[in-house]
Amino acid sequence: MWKSIVPRPGAVIDGGGEGRVVQIFAPATVRGFTIRSSGNDLSQEDAGFWITQADDVLVQENVLEDVLFGIYIKQSRRPRVLQNRITGKDLSPGRRGDGIRFWYSASGLIKDNDVRRVRDVVVWFSDSTQVEGNTIVDSRYGLHYMYSDFNRFADNRFERNEVGAFLMYSHDVVFERNTFAYALGPFGKGLGFKDTEAIRAQSNLIVKNTVGIFLDTSPHSVNIHNSFRDNVVAFNEIGISLLPSVKNNRFVGNTFL
């Protein structure tokens, strides 16, 4: 049964620093809550929202504070995560959970969220996902992405993360009009790819990173190309780093400054 859960103004659900604050196992809309103080156990997936096998779930306009995982969605079709504000725990990046995590959850939408001080935003095994208009800052990976095809990322800001976005083992991915900035430090990368192909990266701003674009075995199939068109790659220590195995990437109309 589908349910809509909308609180009175100012409603707060406080986990008291233990476990998962809200668990959802069925189609639902959850809007307008403040969720705070989950547990700290990564192995138990302590989270603000922990959602599994719940198709068509909508999580919108919530504030999540002091949570390990923010919004964790697994094995759910067509999830929508819209206009939430998520702030992780005051821990070192490797000990935090992911601000938003899609796991085996296809045909989803992640849009207009503000995500800060988390480990990563994760899209794994989740095809046909749209990621639009989000701000992800002060985290480890702004986007950590694997085994997910036919996805689109547009108009997002990835700033002051250790790595802006890193994609692995995927194909048919579109990046448009995103900003990848201030990924500094010895491993800092604005936008990185490993074993990823049929990429189309267009009209992105890639600025002030240790490495702007990093390519490793991408593409890995014969007669497949990646396309980088009309991007601005500016003020990075290295504009593009291509490992020796890399070929079949096309760069057209980009600005390197």
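Residues numbered from 1 in each chain as written. Predicted model: local features only at pLDDT ≥ 70, side-chain atom pairs only at ≥ 80, totals over all residues. Heavy atoms only, no water.

Peer 1: Is there a simple way to think about the overall build of the chain in this case?
Peer 2: A count of helices and strands for the chain gives zero helices and 30 strands. Scaling as 2.2 N^0.38, a compact globule of 257 residues should have a C-alpha radius of gyration of about 18 Å, and the chain matches this with 18 Å. Here the chain holds 257 residues, and 54% of them are scored as buried. When the accessible surface of the chain is totalled, it reaches about 11100 Å², and 50% of it is carbon and sulfur. (Helix = DSSP H or I, 4+ residues; strand = E, 2+ residues; numbered from the N terminus. Rg over C-alpha atoms; globule rule 2.2 N^0.38 Å. Buried < 20%, exposed > 50% of the residue type's maximum accessible area, 1.4 Å probe, protein only. Areas by Shrake-Rupley, 256 points an atom, 1.4 Å probe, with all protein chains shown as cover.)

Peer 1: I would appreciate a short explanation of the nonpolar core in the present structure.
Peer 2: Across soluble globular proteins, nonpolar side chains show a tendency to be buried alongside one another. Membership of the largest hydrophobic core comes to 46 residues, with the highest contact counts inside it found for F49, I51, I71 and F175. In contact with F49, other than residues within four places in its own chain, are V22, I24, V30, I35, V59, N62, L64, G70, I71 and Y72. Counting eight residues, the second largest nonpolar core, distinct from the first, contains V122, W124, M146 and F214. (Core = buried A, V, L, I, M, F, W, Y, C linked by side-chain atoms within 4.5 Å. Contact = heavy atoms within 4.5 Å.)

Peer 1: What should I look at first to understand the pattern of salt bridges in this one?
Peer 2: Side-chain pairing between opposite charges can occur once the charged atoms of the two side chains come close. Per the counting criterion, the structure on display carries 18 salt bridges. Three or more residues joined by partner-sharing salt bridges are found here, namely K111, E132, R152, E176 and R200. (Salt bridge = Lys/Arg side-chain N within 4 Å of Asp/Glu carboxyl O.)

Peer 1: So what exactly am I meant to see when it comes to the environment of Q202 here?
Peer 2: Along the chain, Q202 turns up in strand β23 (residues 189-202). What makes Q202 partly exposed here is its relative accessible area of 22%. When the C-alpha atoms of Q202 and F150 are compared, they prove to be 16 Å apart, with 52 residues separating the residues in sequence. Once residues within four sequence positions are removed from consideration, Q202 is found in contact with F175, E176, R177, R229, D230 and N231. Only 3.4 Å separates the side chain of Q202 from the side chain of R200, close enough to count as a polar contact. (Polar contact = N/O pair within 3.5 Å; in protein donor to acceptor, adjacent residues only side chain to side chain.)

Peer 1: Got a minute to help me understand the packing of aromatic side chains in this structure?
Peer 2: We describe a pair of aromatic rings using the distance from one ring centre to the other and the angle between the two ring planes. Evaluation of the coordinates by the stated rule reveals 16 aromatic pairs. Relative to F193, the ring of F175 lies with its centre 6.1 Å away and its plane at 80°, an arrangement referred to as edge-to-face. Of this pair, F175 sits in strand β21 (residues 163-176) while F193 sits in strand β23, and the two are 18 residues apart along the sequence. Residue F193 is classed as buried on the basis of its relative accessible area, which comes to 0%. What links up through ring pairs into an aromatic cluster is the set Y145, F153, F158, F175, F180, F193, F228 and F251. Sitting over the face of the ring of W124, R101 holds its NZ or CZ atom 5.2 Å from the ring centroid. The positively charged end of K189 is found above the aromatic ring belonging to F214, 4.9 Å away from the centroid. (Phe/Tyr/Trp six-rings, centres within 6.5 Å; stacked < 30°, edge-to-face > 60°. Lys NZ or Arg CZ within 6 Å of the ring centre and 35° of its normal.)

Peer 1: Just checking my understanding: could you explain the environment of L205 for this structure?
Peer 2: Relative to the assigned elements, L205 resides in strand β24 (residues 205-207). Through-space distance from the C-alpha of L205 to that of K74 is 31 Å; in sequence the pair is 131 residues apart. Excluding anything up to four places from it in sequence, L205 contacts N178, T179, F180 and V232.

Peer 1: In this structure, what is going on with the pairing of strand β19 (residues 151-154)? I would like to understand it.
Peer 2: For a regular strand, side chains alternate in direction, first toward one face of the sheet and then toward the other. Of the pairings in the sheet, the one linking strand β16 (residues 130-132) to β19 comprises three bridges and is parallel in character. Directly across from E132, in β19, lies its bridge partner A154. (Pairing = 2+ DSSP bridges.)

Peer 1: Help me out: how do you make sense of the side chain of N134 in this one?
Peer 2: Turning to its location among the elements, N134 is positioned in the loop between β16 and β17 (135-137). Among the polar contacts made by the side chain of N134, one reaches the main-chain carbonyl oxygen of I110 at a distance of 3.0 Å. In this structure the side chain of N134 is engaged in a polar contact, spanning 3.1 Å, whose partner is the backbone oxygen of E132.

Peer 1: Looking at this model, I keep getting lost on the sheet that holds strand β14 (residues 114-116). Mind explaining?
Peer 2: Strands in a sheet are paired, the pairing made by backbone hydrogen bonds, and the direction either parallel or antiparallel. Spatial ordering of the open sheet is given by β2-β5-β8-β11-β14-β17-β20-β22-β24-β27-β30, a layout of eleven strands whose pairing is parallel. Pairing within the sheet leaves two strands with one partner each, and these edge strands are β2 (12-14) and β30 (255-256). Two strands pair when backbone bridges link them, and strand β5 (residues 34-36) and strand β8 (residues 63-67) are joined in this way by three bridges, in the parallel orientation. For I35, the partnering residue across the bridge sits in β8 and is L64.

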